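Topology and contacts: notes
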Amino acid sequence: TRTLLFVGEGDPIMAAAARVPEGMPLSLAPGAGGRKFRAYDKATGAVLWQFEPQVNGKVNRGACCDMVNRGVAVWHGKVYVAAFDGMLYALDATDGSLLWKVDSIDDKQRGYSVTGAPQVAGSVVVIGNGGAEFDARGYVTAYDLETGKQAWRFYTVPGDPAKGPDGAASDK
C-alpha cells in the first residue's frame, strides 16, 4: 500500500488539515490554498491525482471573509471535500474520482457559504454553513457516506413561526 500526502493549493487559503483514521494509507497536510487539492505519493513526491471543484465565484460576492477551506474529511477510502459555494463532494482516495456530489445550500438567494471541514460521524458526513453575518439561517446537515443522500438537517436558528415547522430534525 502506498502512502499519500494530500494538500490543497491555490489562492486564497486552506486553513487546516484533516484528521486521518488510524491505519489509513493517507496522510493529510494543509497547503497554500483551498480550491485545488492534490494527492502525492509520500515516498516519491509524484502527483497521483488532483481535484479542483468548479466553485461558483458569484457566491463570494454575497458571503463573508474570503474563499477559505478549513480541510477535508477522510474515512474508509473516501475524501470528503466541501466547496465554498456549498457543494459537498465524495472522492475515491486512491484515484480522486468523483463518487457523488450534493448541494448543501437550501436557499441560493441568501448569503450562504461553506468554509468548514466536513466531519464524519457514524454513517454520515456532516457539514454546516456560514452566512449569519448576512441574512442566512444557520443549519447543519448530515449526508449518507455512501450515497450523499440527506439524512437530516438541524437548523440552529428558528424559522418564521407563522410558516410552521419545516420538517427538519430541529422541529422535534
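None of the values given here were measured: they were computed from a predicted structure.

The strand order E5-E6-E7-E8 describes an open sheet built from 4 strands, whose pairing is antiparallel. Whereas interior strands pair on both sides, the edge strands pair on one side only; in this sheet they are strand E5 (73-75) and strand E8 (98-103). Taking the axes of each pair of neighbouring strands and ignoring which way they run, one obtains an average angle of 15° across the sheet. Examined bridge by bridge, strand E6 (residues 78-82) and strand E7 (residues 87-92) share 5 bridges and lie antiparallel to one another.

Despite not being glycine, His 76 has its phi angle at roughly 50°, a positive value. By the element assignment, His 76 lies in the loop between E5 and E6. Since its relative accessible area comes to 61%, His 76 is described here as exposed.

Strand order in this open sheet of 4 strands is E9-E10-E11-E12, and the pairing throughout is antiparallel. In this open sheet, the two strands that pair with only one neighbour each are strand E9 (119-121) and strand E12 (150-155). With strand direction ignored, the average angle separating the axes of adjacent strands in the sheet is 25°. When strand E11 (residues 139-144) meets E12, the two strands line up antiparallel, connected through 5 bridges. Pairing of Tyr 139 across the sheet is with Tyr 155, part of E12.

Taken as a whole and judged by the stated rule, the model has 4 aromatic pairs. An aromatic cluster of three or more residues is present, and its members are Tyr 112, Tyr 139 and Tyr 155. The ring of Tyr 155 has Arg 137 sitting right over it, with the charged end atom 3.7 Å from the ring centre.

Time to look at the pairing of E11. Looking at chain direction, strand E10 (residues 124-128) and E11 are connected through 5 bridges and run antiparallel. Bridge pairing links Val 124 to Asp 144 in E11. Joining the antiparallel neighbours E11 and E12 is a turn of 5 residues, in which Gly 148 adopts a positive phi near 80°.

In this section: the environment of Tyr 155. Looking at the secondary structure, you find Tyr 155 in strand E12. Separated by 18 residues in sequence, Tyr 155 and Arg 137 have C-alpha atoms that sit 7.3 Å apart. Ignoring sequence-local partners within four residues, the contact set of Tyr 155 consists of Asp 106, Arg 137, Gly 138, Tyr 139, Asp 166, Ala 168 and Ser 170. At a separation of 2.6 Å, a polar atom in the side chain of Tyr 155 contacts the side chain of Asp 106.

Here is what the cut-offs are and how they apply
- Residues numbered from 1 in each chain as written.
- Predicted model: local features only at pLDDT ≥ 70, side-chain atom pairs only at ≥ 80, totals over all residues.
- Heavy atoms only, no water.
- Pairing = 2+ DSSP bridges.
- Helix = DSSP H or I, 4+ residues; strand = E, 2+ residues; numbered from the N terminus.
- Axes fitted to C-alpha atoms, helices over the stretch in contact; angles between N-to-C directions.
- Buried < 20%, exposed > 50% of the residue type's maximum accessible area, 1.4 Å probe, protein only.
- Phe/Tyr/Trp six-rings, centres within 6.5 Å; stacked < 30°, edge-to-face > 60°.
- Lys NZ or Arg CZ within 6 Å of the ring centre and 35° of its normal.
- Contact = heavy atoms within 4.5 Å.
- Polar contact = N/O pair within 3.5 Å; in protein donor to acceptor, adjacent residues only side chain to side chain.

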